[in-house]
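A closer look at the structure
In case you want the letters, here they are:
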Amino acid sequence: MTSATTTYPQLTGEYTIDAAHSRIGFVARHAMVTKVRGAFNEFDGTFTVDGENPANSSAKVTIQAHSIDTRNADRDGHIRSNDFLSMDEYPQITFVSTGITQTGDTSFDVTGDLTIKGVAKSITIPFEFEGSAKDPFGNDRVGFEGSTTISRKDYGITWNAALETGGVLVSDKVTLEFEVSAIKNA
């Protein structure tokens, strides 16, 4: 672990994720030969930044499961079904931070509870601070990017199909991707 030397007191405050300029996506292997990428188009979230002491920071994100988009309507419908997300019973996916650690000048590990299909598991997402700026509308804006890999089976998502040539149709491992732009609350 790298010793953090940079602090960000100017960033201290409450932020709201700008969903129009952010992306929450995922990548999974398909048929053992390629990757399928998708995203959730409806989500909201807030976070608090303590620029002097990141351990006092926190984050919360709520994703609407029905907003899944893999650019294929049949696949999206299948993922919304009981075989995968059971969207009717579990309409939301949530992440609530339980700890934030600065690991380098611009890197942070955000640990928290990811809840999918009513199952909460602790995960850690390494994030990189991409910068801050005042946008043309006078908003103070920050950007973070991060990703982590989870096992979908940990959340009770076990559906699969065996391939004739060996292997399975959908990988157990799913990479979650976060590209976050947020606006400081006034």
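Summarised in this report is the structure supplied together with it. Computed from a predicted model, the values in this text were never measured in an experiment.

Reading the values: the criteria
Residues numbered from 1 in each chain as written. Predicted model: local features only at pLDDT ≥ 70, side-chain atom pairs only at ≥ 80, totals over all residues. Heavy atoms only, no water. Helix = DSSP H or I, 4+ residues; strand = E, 2+ residues; numbered from the N terminus. Rg over C-alpha atoms; globule rule 2.2 N^0.38 Å. Buried < 20%, exposed > 50% of the residue type's maximum accessible area, 1.4 Å probe, protein only. Contact = heavy atoms within 4.5 Å. Lys, Arg positive; Asp, Glu negative; His and termini not counted. Charge placed at Lys NZ, Arg CZ, Asp CG, Glu CD. Patch = residues over 30% accessible without salt bridge, like charges linked within 9 Å, V, L, I, M, F, W, Y side chains within 5 Å. Areas by Shrake-Rupley, 256 points an atom, 1.4 Å probe, with all protein chains shown as cover. Salt bridge = Lys/Arg side-chain N within 4 Å of Asp/Glu carboxyl O. Phe/Tyr/Trp six-rings, centres within 6.5 Å; stacked < 30°, edge-to-face > 60°. Core = buried A, V, L, I, M, F, W, Y, C linked by side-chain atoms within 4.5 Å.

**Side note on the overall build of the protein chain**
In terms of helices and strands, the protein chain carries one helix and eleven strands. Counting from the amino terminus, the protein chain carries its helices and strands in the arrangement β-β-β-β-β-β-α-β-β-β-β-β. The C-alpha radius of gyration of the protein chain comes to 18 Å, within 12% of the 16 Å expected for a compact globule of 186 residues. The principal-axis extent of the C-alpha atoms belonging to the protein chain is close to 55 × 35 × 30 Å. A buried classification covers 42% of the 186 residues belonging to the protein chain. In the protein chain, the proportion of contacts linking residues at least 24 apart, taken out of those at least 6 apart, comes to 57%. Mean positive and mean negative side-chain charge positions of the protein chain (16 and 25 charges, respectively) differ by 6 Å.

**A word on a nonpolar patch on the surface**
Together, M32, V33 and V168 make up a nonpolar patch on the protein surface, roughly 280 Å² of accessible area in all. Tracing the chain through its elements places V33 in the loop between β2 (23-30) and β3 (34-40).

**A closer look at the pattern of salt bridges**
Applying the stated criterion across every chain yields a total of five salt bridges. Here D140 ties to K134 by a salt bridge, and the two come within 2.9 Å at their closest N and O atoms. Taking the relative accessible area as the measure of exposure, K134 reaches 56% and is therefore exposed. Here R141 and D135 are joined by a salt bridge, their closest N and O atoms 3.1 Å apart. What you see here is one network of salt bridges that share partners, running through D18, D135 and R141.

**Let's talk about a negative patch on the surface**
Residues E128, E130, E145 and E179 make up a contiguous surface patch of negative charge. In this fold, E128 is placed in strand β9 (residues 119-134). The class of E128 is partly exposed, set by a relative accessible area of 31%.

**Focus on the packing of aromatic side chains**
If you walk through the whole model with that rule in mind, you get seven aromatic pairs. Between F129 and F144, the aromatic rings sit 5.3 Å apart at their centres with planes inclined by 45°, giving tilted as the arrangement. Note that F129 is positioned in strand β9 and F144 in strand β10 (residues 140-151), a separation of 15 residues in sequence. The same class applies to F129 as to F144, namely buried.

**Concerning the environment of A31**
Along the chain, A31 falls in the loop between β2 and β3. Along the primary structure A31 and G167 are separated by 136 residues, whereas in three dimensions their C-alpha atoms are 7.7 Å apart. Setting aside residues no more than four positions away along its own chain, A31 makes contact with L163, V168 and L169.

**Quick look at the nonpolar core**
Membership of the largest hydrophobic core comes to 41 residues, with the highest contact counts inside it found for F40, F47, L85, L114, I116, V142 and I150. It is strand β11 (residues 170-184) that provides the largest number of residues to this core, a total of six residues. Residues in contact with I150, not counting those within four places in the same chain, are L114, I116, I123, Y155, D172, K173, V174 and L176.

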